[in-house]
Amino acid sequence: MNIWFRLQVNKNQNGLYAVCYQMLKDSLEAEEVVQDSFMKLWQAKENGTKQSTAWLYRVAKNHCLDIIRRRVHEAKYQQHSLMDTQTARSACDELQNAELSDHISAAIDELKEPYKSLIVLREISQLSYQQLADVLNLNVQQIKVYLHRARNTLKEKLMDVT
């Protein structure tokens, strides 16, 4: 295996999984998205282009959004999808240890895009403003404004918890 690729996997695997898990609330799907993202990175490398970390996160985020869109679409046409959503949420609840993290996670889930992605990518994966701009196709000033709004919204949602 190529050393560059191995370094990319070691450097980005945990952060990418955290982002995917936060978006999907399903560990198996999150692992699958991470694996698919690294496969696309490998294919891009084989084609002669080395992609950036921001590109990798954008691929994973878009794949997660596709899965979420598919879930929403299926929910419109299948009554049983409600059970699937409840199962995914209960799996998430089992993995969370503290009551506070439950409240924080729920508050993040209530955020609309791009606020949700911004909080997850900035606070969990610790991407820079420029990396966020690249991943979300926004400029740095928009990132700062949206991140400020997202944090204020989270603060308001969490005021009742403390």
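Sequence order as written defines the numbering, with residues in each chain counted from 1. Note on the predicted model: pLDDT of at least 70 is required for a residue's local features to be given, and 80 or more for side-chain atom pairs to be given and counted; whole-chain, interface and lining totals, by contrast, use all residues. Derived side-chain values reflect all non-hydrogen atoms in the structure, with water molecules and hydrogen atoms excluded from consideration.

Caption draft 1: Inspection of the pattern of salt bridges at higher detail. For this document, the term salt bridge refers to a Lys or Arg side-chain nitrogen within 4 Å of an Asp or Glu carboxyl oxygen. In the structure shown here, the tally under the stated rule is five salt bridges. A salt bridge links Asp109 to Lys116; the shortest N-O distance between them is 3.8 Å. Here's how the labels work: a residue is buried when its accessible area is under 20% of the maximum for its type, exposed when over 50%, partly exposed in between, all with a 1.4 Å probe on protein chains only. A relative accessible area of 33% places Asp109 in the partly exposed class. One salt bridge connects Lys157 with Glu110, and the closest N-O pair in it is separated by 3.0 Å. You can see Lys157 sitting in helix H8 (residues 140-158) and its partner Glu110 sitting in helix H5 (residues 99-110), a full 47 residues away along the chain. Under the scheme used here, helices are H or I runs from DSSP no shorter than 4 residues and strands are E runs no shorter than 2 residues, and both carry numbers assigned from the N terminus.

Caption draft 2: Expanded view of the nonpolar core. Nine residue types can take part in a nonpolar core, namely buried Ala, Val, Leu, Ile, Met, Phe, Trp, Tyr and Cys, and a core is a set of them joined through side-chain atoms within 4.5 Å. Counting 40 residues, the largest nonpolar core has Phe38 and Leu121 as its most contacted members. Contributions of two or more residues to this core are made by helix H1 (3-24), helix H2 (27-46), helix H3 (53-77), H5, helix H6 (115-124), helix H7 (129-136) and H8. Those residues within four positions of Leu121 in sequence are excluded, and the remaining contacts are Val19, Tyr57, Gln126, Leu127, Leu132, Val135 and Leu136. Contacts are residue-level and defined by heavy atoms, with any inter-residue pair within 4.5 Å sufficient.

Caption draft 3: Just the state of the cysteines, in detail. Cysteine sulfur atoms are paired as a disulfide whenever they fall within 2.5 Å. Applying the stated criterion across every chain, the model contains zero disulfides. Sulfur of Cys20: no disulfide; nearest cysteine sulfur belongs to Cys64 and is 3.6 Å away. Of the residues examined, Cys20 reaches a relative accessible area of 0% and is grouped as buried. In this structure Cys64 comes out as buried when scored by relative accessible area, which is 0%.

Caption draft 4: The environment of Ser52, seen in detail. Residue position: Ser52 is located in the loop between H2 and H3. Residue classification places Ser52 among the partly exposed residues on the basis of a relative accessible area of 41%.

Caption draft 5: Region of interest: the environment of Asn139. Summarising the element assignment, Asn139 is placed in the loop between H7 and H8. For the pair Asn139 and Tyr129, spaced 10 residues apart in the sequence, the C-alpha separation amounts to 8.9 Å. Within 3.5 Å is the distance limit for a polar contact, defined as a pair of N or O atoms, with the added protein rule that one can donate a hydrogen and the other accept it, and that residues adjacent in sequence qualify only through two side-chain atoms. A polar contact is formed between the side chain of Asn139 and the backbone nitrogen of Gln142, at a distance of 2.7 Å.

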